[in-house]
Each structure stands twice: as structure tokens, then as C-alpha cells.
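# Architecture at a glance
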Amino acid sequence: MSATTDARLEGRILDYLKSRLPAGRDFALADVKRIAVGWSHETWLFDLNYREDGRDVTLGLCLRRDPGNTLLRHLSSLEEQYRVLKCLESTPLATPKVYWYEDDTAILDQPFLVMEKVPGTCPSPWGRDGRAFYQAAADRGSLPASFTSTLATLHTLDWRAAGLDFLGVPAKGRDFALREIAKWRELIALSEHPPEPILTDLIAWLEANAPESEQVVLVHGAYRTGNLLIHDDRISAVLDWELQVLGDPMYDVAYVLSDLNREGTPLLSNLVDRDAFFRDYEAQTGFTIDEQRCRYYNALYAMRSVAFWMSASGLYASGRSDDIRLARTAWSVPVVLERAATELGY
Amino acid sequence: MNPDQLLERIATTLKRDIGPAVEGEYPKTQAFMAAVVLQKLGRQLGLEAVHRAAEEADMHALLDELRADAEHAPLPARVAAALAALAGTHDTQALCDFINALYAERAALGDARFDALLGRVRRTLRASIDRRMVYAA
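Just so it is clear, the model here is predicted, and its values are computed rather than measured. (Residues numbered from 1 in each chain as written. Chains lettered and ligands numbered in written order. Predicted model: local features only at pLDDT ≥ 70, side-chain atom pairs only at ≥ 80, totals over all residues. Heavy atoms only, no water.)

Within chain B one finds 6 helices and 0 strands. Ordering the α and β elements of chain B from the N terminus gives α-α-α-α-α-α. In terms of C-alpha radius of gyration, chain B reaches 22 Å, well past the compact-globule figure of 14 Å for 137 residues. Reported as C-alpha extents along the three principal axes, the dimensions of chain B are approximately 65 × 30 × 20 Å. Across chain B, every contact between residues at least 6 apart in sequence was considered, and the portion connecting residues at least 24 apart equals 57%. Split by element, the accessible area of chain B, about 7,400 Å² in all, is 58% carbon and sulfur. In chain B, 17 positive and 19 negative side-chain charges are present, and the distance between their average locations comes to 4 Å. (Helix = DSSP H or I, 4+ residues; strand = E, 2+ residues; numbered from the N terminus. Rg over C-alpha atoms; globule rule 2.2 N^0.38 Å. Contact = heavy atoms within 4.5 Å. Areas by Shrake-Rupley, 256 points an atom, 1.4 Å probe, with all protein chains shown as cover. Lys, Arg positive; Asp, Glu negative; His and termini not counted. Charge placed at Lys NZ, Arg CZ, Asp CG, Glu CD.)

Residues and elements named next belong to chain A. The assigned domain composition of chain A is domain 1 (3-116) and domain 2 (128-343). Across the contact, 27 residues belong to domain 1 and 35 residues belong to domain 2. Of the roughly 2,400 Å² buried where domain 1 meets domain 2, counting both sides, 71% is carbon and sulfur surface. Run the count over domain 1 and domain 2 and you get 1 salt bridge. Here glutamate 242 makes a salt bridge to arginine 64, at a shortest N to O gap of 3.6 Å. (Domains from an automatic or database assignment. Buried area = accessible area lost by both parts, 1.4 Å probe. Salt bridge = Lys/Arg side-chain N within 4 Å of Asp/Glu carboxyl O.)

Quick look at the pattern of salt bridges now. Residue and element names in this part refer to chain A. A complete count under the given rule lists 34 salt bridges over all chains for this structure. Residues arginine 25 and aspartate 26 are paired through a salt bridge, measuring 2.9 Å at the closest nitrogen-oxygen approach. One salt bridge in this structure joins arginine 65 and glutamate 42, with 2.8 Å as the shortest N-O distance. Remark: glutamate 42 occurs in strand β2 (residues 42-52) and arginine 65 occurs in strand β3 (residues 55-65); sequence separation between them is 23 residues. The class of arginine 65 is buried, set by a relative accessible area of 5%. Among the charged side chains, a network of salt bridges with common partners joins Arg34, Glu42 and Arg65. (Buried < 20%, exposed > 50% of the residue type's maximum accessible area, 1.4 Å probe, protein only.)

Counting residues at the interface gives 27 residues for chain B and 24 residues for chain A. Together, the buried faces of chain B and chain A total about 2,400 Å²; carbon and sulfur atoms form 70% of this surface. For chain B, the biggest contributors to the area lost against chain A are Tyr26(B), Arg122(B) and Arg126(B); these three give 22% of the whole. Seen at the junction of chain B and chain A, the total is 3 salt bridges. The partner of Arg132(B) in a salt bridge is Glu196(A), with the nearest N and O atoms 2.8 Å apart. Elements with a contribution of two residues or more to the side of chain B that touches chain A: α2 (25-72), α4 (92-104) and α6 (111-136) of chain B.

All names here are of chain A. Per the counting criterion, the structure on display carries 17 aromatic pairs over all chains. Here the aromatic rings of tyrosine 99 and tryptophan 100 are separated by 5.4 Å at their centres, their planes lie at 35°, and the arrangement is tilted. The exposure class of tyrosine 99 is partly exposed, given its relative accessible area of 21%. Owing to a relative accessible area of 12%, tryptophan 100 belongs among the buried residues under this scheme. Considering the side-chain rings of tyrosine 251 and tyrosine 301, the 4.7 Å spacing of their centres and the 5° angle between planes classify their relative orientation as stacked. Of this pair, tyrosine 251 sits in helix α9 (residues 249-257) while tyrosine 301 sits in helix α11 (residues 291-317), and the two are 50 residues apart along the sequence. Accessibility expressed as a relative area gives 1% for tyrosine 251, which makes it buried. Three or more aromatic residues joined by ring pairs form one cluster here, namely Phe176, Trp205, Tyr251, Tyr255, Tyr296, Tyr297 and Tyr301. (Phe/Tyr/Trp six-rings, centres within 6.5 Å; stacked < 30°, edge-to-face > 60°.)

Structure below.
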């Protein structure tokens, strides 16, 4: 998107915000930053300055817009993100306050939501600076404790009271795992990728070995550094509500324990000592970490990753996106299939 | 110049000359990513003939062993039909169907025979994915 287009869009954003705050006047946007392009929803951060009742007001805002061709578009809409965040406002979990969702494309061409810009930073764990940031935080100890306690808060909040049962409540037993398999199988089918025998083996194995799970909690689906906002050495908000589901807490725990998010360090998610995580998570939730179930969910994550990359490369192949990063993901498919083969023991 | 060498050279130009000259974070990333795609495609094309021959040889070896097993003791009808289809087409969809047939008939096969047959298929799959990893990783 060009600078001119961005400037035009900023004017339309301002017009929209004026319409939402009829008691205000002298509106202006400041410090506008566009922070994501292409992969997921488009995101703008800015301050809205205006006057109301004779005083100056500054509102830090984050606007997320659906570009119309996102990776998980049909699985996690902005409307669902809005509903989830709205429900979470009544819980102890740190999340951004969400203000408005609009599906009227006359306003900004695509559906969008507006939420609070929470103070904090979100260093990428993949780069050198991010690794150094998390290593220093690990040495201090506060952030790792906050990482674990925030996950415990997520897994013990009353999702039913919060109104999150619209996400779909799995039955006790094997239902949760089978629902996840069905969801990712659907995305794989939509990608129209050629058949992959390792994937066939993986899915058949997952279906044959789906574990029983007793607890049903709110699962984030991608709980790791990089999806958590940090302020004053603690988690100030849990972000990226695109993969949430009601289900087995071990699904999130498996993601935390995974080698994928460690960047070669022995620390979970680049940050947390494994023994401390086990001790604190179990004490704060009352759940016992089941490593065998976590290993199963690691294999399920391999299927999910294959689905992501098939979907991403399919978006490019079909001409729905011109983002060359998506073309690159065609070679991520065999990489994840190799990992799946290893998970299955061959 | 072979197609793979051509792509490698264009990738180098993109990475060394064009990418650094592009202004704007997004188009610059696109230029570098285009270089990565061309490099991977080049490597894949360069290995294609050798890999195709290896895939075909592995498929023949797999079919020989599966047929030998079937002669030793009859397979459940669905597995036998999937094996016949695989022998006829040698394609990946037929291999997927054979794997699904094994899982579906696991009880009829018994655990030991299921493990042996799936283990043999997995040996072929491992060799195939190792070949793809040469250019994908």
C-alpha cells in the first residue's frame, strides 16, 4: 500500500472515529504506525487526540482490518476476535479493551475492529535483539513468572460465565482432539494442495490416537513470546486471538513445551525454565501436566502447521495474494512434514 | 546455462543489487523473498531428474515387498484393492489411499502385520522426505 493510500485511509479512519465520539471535537490522529502487512490482519497503532467537555483527551488505539485474503480468514474472523475480547473484559485476564467492530465495507472497504493500544512492547523472539531481550528478562525472573501466571489465569477463568461458549464446547473424552483434526483437515482441503502421504499417515495416526481430556478451558492456541505484550517486566496483554478454542489445557501447555518456540535455548518460549514452569503452572491451576498428551498435541501442531503452509502457499498459487512471502511457504510444507515423520517415529 | 543455474544467478542479482536499492520495507522484503524463492526453485529443478528416478525406484521396491507380503498371507479386501490401485498408478494419491486402507483395516490385519506394513511404507516416505529436505530446508 502506498503512502498516498495510507494517508487517504487515515482520513477515513478519522471520519469514522468522529462519528463514534459525537461529543468530541478538534479530532486529530498522531503517531500513526502500520505494523503488519499481508500475513494476518492489517494493523495500525495511533493516538486519537480530541477535546471533550472543555478538556484535552488522548486515546491510544489499535485498528485491525481484514485485508480480505488472510491466512486463517474463514477460521477466525475479526468479528469473532471482537466477541472474544469483549467477553474477556469481564475476566481477570490481561487483554486489550475492545471498542468497536464494523462489517460495513462502506466505511474502510473491509471489516475492522478498534481496540485499546495497551502500553508495552512485543519483541519478536526470532531476531537477535528479541533473543537478548528475553534472555535478560529470564535472568531477572519477573517476566517468566508472569508468563506462567498469565497462562494459569487464562486456563482457570470462568469461560462459561464470560459468555465464551459460543466458541463451541467439546464433549468430554476425545471430542476436542477430533474437532481440531476436523478443523485443520478442512483448511487442508480448501488449499487444494496435492496429496501428501506423510500427512495422510499423520492424520490417520492422530485420529486413531486422539486422547481423552477431562478439563475444558479457554485455550489461546499460540501462547508464546511474540504474542504477549510486555510492560514493566510483566505481561500487560495477551494478543493474537485468532486460534482460540475451548478445550484441553494441555494443548496450550504442549505449545509452551515445544522445541519450536525456543530458538535453540533450553528456556521454554525463550524465557521460562522448564522445571519452574511445571511447578508454578501445576500449583496455580491445579492441573497435572500430562507429557504424553503434550506429545500427542505436538503431532497435532505439525498437522496445523502443514495446514497453515498449504493454505498460505495456496493463496499465492491461486492468485488471491501477491505476497511473495506466501509463495515461499510452499517449501515450508516438506519441512513440517519431515518434523511430522519424526514425531511419528520415522 | 541450465534453468537452475539461471534462477540462481537471478536470485543473486536480486539479493545483492536490486533488494538493497529498493526503498520501503514491504517491497524490499518482497525482493529478498523473491530471491529465496528462485534459489529454492533452482535447487529443486536441478535435482528433479535424479529425485524422480529415486522415487520411482523406491516405489518399485515398496510394491515388490508389499506384493510378496500379500502372497504370503491374504490381505483384507480394501487393502488388497488399494495395493492393486497403487501398483497400477504409482501415484501419491494411491499411496495415500493405501495408508488409509491400512489404518481402516488395522483390526483385521492385527497389530504386528499392521506395524510391519506401515513400517515398510514409512521407510519409503522417509527416503522421499529426506530428498525434498535437500532443497526445502
